[in-house]
Every structure is written in structure tokens, then in C-alpha cells.
Amino acid sequence: MAAEHVADHRVDEAWTGTVLGTSVPDDARERWMELRIYRLDPGQEGKYLAWRVAKSYIYHTGDTACRTRSGAKPGRLGTVANLPDDAEPCDECNPLFPDELPDDVRVRVEVDRNTINRADSAQQLVDALTHYRDRASGQWVVRVSEPVEYVIEQAARRDPAFAAVVLPRPSSVPAMRRELAAG
Ligand SMILES: [Zn+2]
């Protein structure tokens, strides 16, 4: 049994349930994605939940010219005190290394970005995890990523509803899927 509470600048959600699958990369990298899926205990919104968190060790200079894909300044303003142990200076804007950074110099620290999907069925959850809006074209596309495939395999051994899931074919998405994927 797991009890979780996830909060960031966009998300604030709590739930209890059973972990059905987990994907965490086992090699060190600068940016990575973790994915967990849960069967929720009764009395909560939805029957299943997927928790995706995009993580990063990267930090930028305080006045960086770097931008996220949506055009925003990356991360949150902070100082060396806000850096994680394995912090990595961005190789575009080249802030000082942590042990060279004066205590009062501001940097922009990339923070966790959480995405929560709740669904009433295993199929609905898998649909939410495999439908993405392509940033360039604005079109919905279907992609079955390795972590998603991996957690579905695990979940299928713990819950027959996941064994029965039909993986969508990578392709463009029918309009009727849009509402689902946006959730
Ligand atoms: Zn940078």
C-alpha cells in the first residue's frame, strides 16, 4: 500500500493505492522521467492513477538566455543552497560549478514537473499515457514509450485489467481520443 502527496506549481494531488508498475532509469543522467501506476483504494476519484515526474539535475545562470520548449525561463530562482547534490551546470549558459558558486549568486534550478492522470479503467489510463500533443504541429500523436510499455507489462502481472489492455498503434489520433488525452 502506498500513500502519496504530490505538489508543485501546477499539481497538488494526494492518493492511496497499490503500486502496479514502476519505471525509474537505473543509469545516471541529467534529465529523466519516472513513471508509476497505481490501483487506487476505493472512495477516490478514478480507479487507476499514473504519476509521471520529469526530473532534472540541470541549473542555469540567474540571467540565463536559455528557454524551455514553451519559451519560459527554465527552473526557479535560487542559490547554491537550493541545488541538489548531483547538480549539473547547463552547458549552454555555463553557470559556475556548485563549489565555485558564491552563496549569494542566483541561479535558475530546474525543478520536478509532475503529471497525474486518473482513469476509470486500465484502458483509459493507457490511452492517457500514450497520447501526446506534438508541440510543432499541435496534432495529437500516439507514442508507446519504453517506460510506458514496461509499467504496463508489470501491471499486467498484478491486475488482469492491464493484461487485457490493447496498446494503441502509433499513428495520428482520431478526434474522439482528444478529450481523453487532454485529461
Ligand atoms: Zn542554461
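Residues numbered from 1 in each chain as written. Predicted model: local features only at pLDDT ≥ 70, side-chain atom pairs only at ≥ 80, totals over all residues.

This paragraph deals with the environment of Glu149. With respect to the element layout, Glu149 can be found in helix α2 (residues 146-158). On the basis of neighbour counts, which here come to 14 C-beta atoms within 10 Å, the residue Glu149 falls in the partly exposed class. Counting along the chain gives 87 residues from Glu149 to Gly62, while the straight-line C-alpha distance between them is 38 Å. (Helix = DSSP H or I, 4+ residues; strand = E, 2+ residues; numbered from the N terminus. Buried ≥ 20, exposed ≤ 12 C-beta atoms within 10 Å, placed from the backbone.)

A word on α2. Helix length check: α2 (13 residues) gives 19 Å between terminal C-alpha atoms against 18 Å at 1.5 Å per residue, within 8%. When we look at burial in α2, the residues that qualify are Val148, Val151, Ile152 and Ala155. Down the axis of α2, the sector holding all buried residues measures 105 degrees, keeping them to one side. Turned more than 90 degrees away from the buried face of α2, the exposed residues are Glu146, Glu153 and Arg157. (Expected span 1.5 Å × (residues − 1). Arc of directions from axis to C-beta.)

Let us now look at the sheet that holds strand β4 (residues 48-56). Taken in spatial order, the five strands of this open sheet run β1-β2-β3-β4-β9, and their pairing is antiparallel. Two strands in the sheet have a free side with no partner beyond their single neighbour: β1 (2-7) and β9 (113-119). Across this sheet, the average inter-strand angle for adjacent strands is 40 degrees, counted without regard to direction. In this structure, β1 lies alongside strand β2 (residues 12-23), joined through six bridges in antiparallel fashion. Looking at β2, one finds that Ala2 is bridged to Gly17. (Pairing = 2+ DSSP bridges. Axes fitted to C-alpha atoms, helices over the stretch in contact; angles between N-to-C directions.)

Bringing the pairing of strand β5 (residues 58-61) into the picture now. Two strands pair when backbone bridges link them, and β5 and strand β7 (residues 88-89) are joined in this way by two bridges, in the parallel orientation. Following the sheet pairing, Ile58 is matched in β7 by Glu88. Two elements, β5 and strand β8 (residues 107-109), share three bridges in a ladder whose sense is antiparallel. When the sheet's bridge partners are listed, Thr61 is paired in β8 with Val107.

We note that the domain assignment places domain 1 (2-56 + 112-182) and domain 2 (58-109) within the protein chain. In this structure, domain 1 and domain 2 have C-alpha centres spaced 29 Å apart. (Domains from an automatic or database assignment.)

The subject of this paragraph is the nonpolar core. Ile37, Tyr48, Leu49, Ala50, Leu125, Ile152 and Ala155 are the most contacted members of the largest nonpolar core, which has 17 residues in total. For this core, the secondary structure elements donating two or more residues are β3 (31-40), β4, α1 (122-130) and α2. For Leu49, the contacting residues outside a window of four places in its chain are Trp15, Gly17, Ile37, Tyr38, Leu40, Ile116, Asn117 and Arg118. (Core = buried A, V, L, I, M, F, W, Y, C linked by C-beta atoms within 7 Å. Contact = placed C-beta atoms within 7 Å.)

We now examine the sheet that holds β5. Strand order in the open sheet formed by four strands is β6-β8-β5-β7, and the pairing between neighbours is mixed. Each end of this open sheet is capped by a strand with a single partner; those strands are β6 (76-78) and β7.

The subject of this paragraph is the pairing of β3. Walk down a regular strand and you will see the side chains alternate between the two sheet faces. Note that β2 and β3 share six bridges and pair antiparallel. Looking at β3, one finds that Thr18 is bridged to Arg39. Sheet topology places β3 next to β4; nine bridges connect them, and they run antiparallel. For Arg39, the partnering residue across the bridge sits in β4 and is Tyr48.

The next point concerns unusual backbone geometry. Of note, the phi angle at Asn94 is positive, near 50 degrees, even though the residue is not glycine. Locating Asn94 in the fold gives a position in the loop between β7 and β8. A tally of 11 C-beta atoms within 10 Å means that Asn94 is categorised as exposed.

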